[in-house]
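This is what each chain is made of:
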Amino acid sequence: MFVDDSPFECAYVRAQLPMVKVVQVPADLAEYQRVVREIADLFPTLVDTSKTEQYHALAAAEKTRPQFATEAQFLMSLGIEVELHCDQYDEIPRIAELTQKANQFNLTTHRYTEDQIAELMAKGYVYSINVKDKFGDQGLVGVVIVESGRIDTFLLSCRVLGRGIERAIWNPIIDTMREIGWKWVTAQYNPTSKNEQVRGFWPSLGFEPRIGGEWVHRLDTLDVTCPLWITVTLVV
């Protein structure tokens, strides 16, 4: 199998090695779930039981899509629930794993060990993003790390992209920053060969560029609208 986000590279491999399965990484976030399922179906014995159940849940949801006239109606039907957990030490192994593996929707691609995540919890705020809907539980699929008014890390697993979760999570985090007394929040986008799709994420939230590659926003004016089809709960 060959997976790449370059149309040129994919076309070249298809032409030169027709026996190789070629999967092009889509530019549209809504297509990621389809591609993840396509790859998982090719390697069923390499996917553990919990992930198999998660992929089946995604497939069951997708089967209902033709019943709805709009994408918003489809998403509203799913009953998406997001739990934000803050500094949960029992989640450190999964959080560290995600920082090591996530590439496509990963704003900084900071890679951390379990010990480093524990240190970050001790001096900052490490949020885990847990997602479920009426078809099943996707588990811990995202991470936000905040330290001293700076968003160090924001990443999401590909299998939950296209549902608006990347915008849904921010209000509880912003509220905590305000309660602490921070006036500004800074963020960063570190470009790689794989995360081009998130280049415009911070400006889409109203962040302004600053010299040195950082993005900045006043906390008293930062307002990120949570999609109507998602319910978010903060667990501390």
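Our structure is the block above this text.
Reading guide: rules and limits
Residues numbered from 1 in each chain as written. Predicted model: local features only at pLDDT ≥ 70, side-chain atom pairs only at ≥ 80, totals over all residues. Heavy atoms only, no water. Helix = DSSP H or I, 4+ residues; strand = E, 2+ residues; numbered from the N terminus. Buried < 20%, exposed > 50% of the residue type's maximum accessible area, 1.4 Å probe, protein only. Phe/Tyr/Trp six-rings, centres within 6.5 Å; stacked < 30°, edge-to-face > 60°. Polar contact = N/O pair within 3.5 Å; in protein donor to acceptor, adjacent residues only side chain to side chain. Contact = heavy atoms within 4.5 Å. Core = buried A, V, L, I, M, F, W, Y, C linked by side-chain atoms within 4.5 Å. Pairing = 2+ DSSP bridges.

1. Re the environment of P93
By the secondary structure assignment, P93 is in helix α5 (residues 92–101). Residues P93 and I117, 24 residues apart in the sequence, show an inter-C-alpha distance of 8.8 Å.

2. Quick notes on helix α8 (residues 170–180)
All of the buried residues in α8 are W170, P172, I173, I174, T176 and M177. Phi turns positive one or two residues past the end of α8, at G181, with a value near 110°.

3. Structural notes on the packing of aromatic side chains
Scanning all chains against the criterion turns up 9 aromatic pairs. For the ring pair Y125 and W182, a centre distance of 6.3 Å and an interplane angle of 90° mean the geometry is edge-to-face. Of this pair, Y125 sits in strand β4 (residues 125–133) while W182 sits in the loop between α8 and β7 (184–188), and the two are 57 residues apart along the sequence. For the ring pair W202 and F207, a centre distance of 5.2 Å and an interplane angle of 50° mean the geometry is tilted. Of the residues examined, W202 reaches a relative accessible area of 1% and is grouped as buried. For F207, a relative accessible area of 3% puts it in the buried group. One aromatic cluster is present, built from ring pairs that chain together F105, F154, W170, F201, W202 and F207.

4. Digging into the environment of F74
Locating F74 in the fold gives a position in helix α4 (residues 71–77). Assessed through its relative accessible area of 2%, F74 is described here as buried. When the C-alpha positions of F74 and A61 are compared, they lie 8.9 Å apart, and in sequence the two are 13 residues distant.

5. So, the side chain of N106
Mapped onto the elements, N106 comes out in the loop between α5 and α6 (114–123). Overall, N106 belongs to the buried group, its relative accessible area being 0%. In terms of polar contacts, N106 uses its side chain to reach the backbone amide nitrogen of T109, at 2.8 Å. With residues near it in sequence (within four places) discarded, N106 still touches T99, R111, F154, L155, N195 and V198.

6. What to know about the nonpolar core
Of all hydrophobic cores here, the largest spans 41 residues; its most connected members are I129, V144, F154, W170 and W202. Apart from residues lying up to four places away in sequence, W170 is in contact with V144, I151, F154, F201, W202, L205 and V224. Among the nonpolar cores identified, the runner-up in size contains 14 residues, and L98, V126, V143 and I145 belong to it.

7. Re the pairing of β4
In regular strands, side chains alternate between the two faces of the sheet. Across the 9 residues of β4, 7 count as buried, placing the element largely inside the fold. Bridge analysis of strand β3 (residues 80–86) against β4 gives 6 bridges, and the strand direction is antiparallel. Along β4, the bridge assignment pairs E83 with N130. Where β4 meets strand β5 (residues 136–147), 9 bridges bridge the pair, whose relative direction is antiparallel. Within β5, the residue paired with Y125 across the bridge is V146. Turn length for the β4-β5 hairpin, with the two strands adjacent in sequence and antiparallel, is 2 residues.

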